[in-house]
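Residue-level structural notes
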Amino acid sequence: MARHLYSCPLRWSDMDAFGHVNNVVFIRYLEEARIDFMFRLAPGGGSPSFSGGSVVARHEIDYKLPLVHRHEPVTVELWVTKIGAATLTIAYEIKDGDQVYVRASTVIVPYDLQAGRPRRITAEERSFLVKYLDGAGALAA
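Quick look at the structure, then. Note that the coordinates shown come from a computational prediction; the quantities given were computed from them, not determined experimentally. Starting from 1, residues in each chain are numbered consecutively following that chain's sequence as written. It should be noted that, the model being predicted, local features are given only for residues of pLDDT at least 70 and side-chain atom pairs only at 80 or more, the latter also being counted only at that level, while totals for whole chains, interfaces and linings use all residues. Side-chain numbers here rest on the full set of heavy atoms in the structure, without hydrogens or water.

1. Quick word on the nonpolar core
- The term nonpolar core refers to a set of buried residues drawn from Ala, Val, Leu, Ile, Met, Phe, Trp, Tyr and Cys, joined through side-chain atoms within 4.5 Å. Three labels apply to residues, based on accessible area from a 1.4 Å probe with only protein chains included: buried if under 20% of the type maximum, exposed if over 50%, partly exposed otherwise in between. Grouped together as the largest cluster of nonpolar side chains are 32 residues, with contacts concentrated most on Tyr29, Phe37, Leu67, Ile90, Ile94 and Leu129.
- Numbering of helices and strands starts at the N terminus; helices are DSSP runs of H or I of at least 4 residues and strands are runs of E of at least 2. For this core, the secondary structure elements donating two or more residues are β1 (4-8), α1 (23-40), β3 (74-83), β4 (88-96), β5 (99-112) and α2 (123-130).
- It is α1 that contributes the most residues to this core, 7 residues altogether.
- Here, residues are in contact when the closest pair of their heavy atoms is within 4.5 Å. If we skip the residues at most four places from it in the chain, tyrosine 29 touches Cys8, Pro9, Leu10, Arg11, Asp14, Val21, Leu67, Val76 and Ile94.

2. Structural notes on the packing of aromatic side chains
- Stacked, edge-to-face and tilted labels apply to pairs of Phe, Tyr and Trp rings (six-membered ring for Trp) whose centres lie within 6.5 Å, assigned for plane angles under 30 degrees, over 60, and everything in between, in that order. What the rule picks out here adds up to 5 aromatic pairs.
- Where phenylalanine 26 meets tyrosine 63, the ring centres are 5.7 Å apart and the plane angle is 65°; that geometry is what we call edge-to-face. Of this pair, phenylalanine 26 sits in helix α1 while tyrosine 63 sits in strand β2 (residues 54-63); the two residues are 37 residues apart in sequence, bridging distant segments of the chain.
- The structure contains a cluster of three or more aromatic residues connected by ring pairs, namely Phe26, Tyr29 and Tyr63.
- In our convention, an over-ring charge means Lys NZ or Arg CZ found within 6 Å of a ring centre and within 35 degrees of that ring's normal. A cation over an aromatic ring shows up here: arginine 3 above the ring of tryptophan 79, its NZ or CZ 3.5 Å from the ring centre.

3. Points about the pairing of β5
- Think of it this way: DSSP has to see at least two bridges between two strands before they count as a pair. One ladder, built from 9 bridges, connects β2 with β5; its direction is antiparallel. Paired with valine 56 across the bridge in β5 is isoleucine 108.
- Here β4 pairs with β5 via 9 bridges, running antiparallel. Pairing of isoleucine 94 across the sheet is with valine 102, part of β5.
- Where β4 folds back on β5, the antiparallel hairpin that results is connected by 2 residues, among which glycine 97 adopts a positive phi of roughly 55°.
- As paired strands, β5 and strand β6 (residues 117-118) are joined by 2 bridges and run antiparallel to one another.

4. A few points about the pattern of salt bridges
- Salt bridges are defined as contacts in which a side-chain nitrogen from Lys or Arg sits within 4 Å of a carboxyl oxygen from Asp or Glu. All chains considered together, the criterion is met by 10 salt bridges.
- Residue arginine 3 pairs with glutamate 77 through a salt bridge whose shortest N-O separation is 2.9 Å. Placement of the pair is arginine 3 in the segment before β1 and glutamate 77 in strand β3, with a sequence separation of 74 residues.
- When the shortest N-O distance is used, the salt bridge between lysine 95 and glutamate 77 registers 2.7 Å. Here the residue lysine 95 occupies a position in strand β4, and glutamate 77 occupies one in strand β3, the gap between them amounting to 18 residues. Glutamate 77 matches lysine 95 in its accessibility class, with the two residues each being buried.
- Salt bridges sharing partners connect three or more residues here, namely Arg3, Glu77, Glu93, Lys95, Arg103 and Asp134.

Written out as structure tokens, the structure reads:
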């Protein structure tokens, strides 16, 4: 199983009054990594895969350690834990080497923006996603 690694810069404005990265900012870090994964690494060559839109159905975040501002980026490591007919679940760790600050997951629903409704995952998208599917993950019908 492959994992996608995203180098995420920290911004001075990410900190809160307590001197560490604010909990809400971590959702932005997850979003940046997910967009990098789905749109930069998605099938190319004019493929419409992942370009039609998607919505977040659920976030789950476990904050493990505070993260303070510094000039070096953190790594957001992500992989797929479940692929369904019309949803996928992405897991993440925000970390430095073995030091984990956050563990999280997001349920994504592909969305047809023109029709204004959810859509199924295409065969091309599934083929791309399965490369990042955790061995313990589920592949739904």
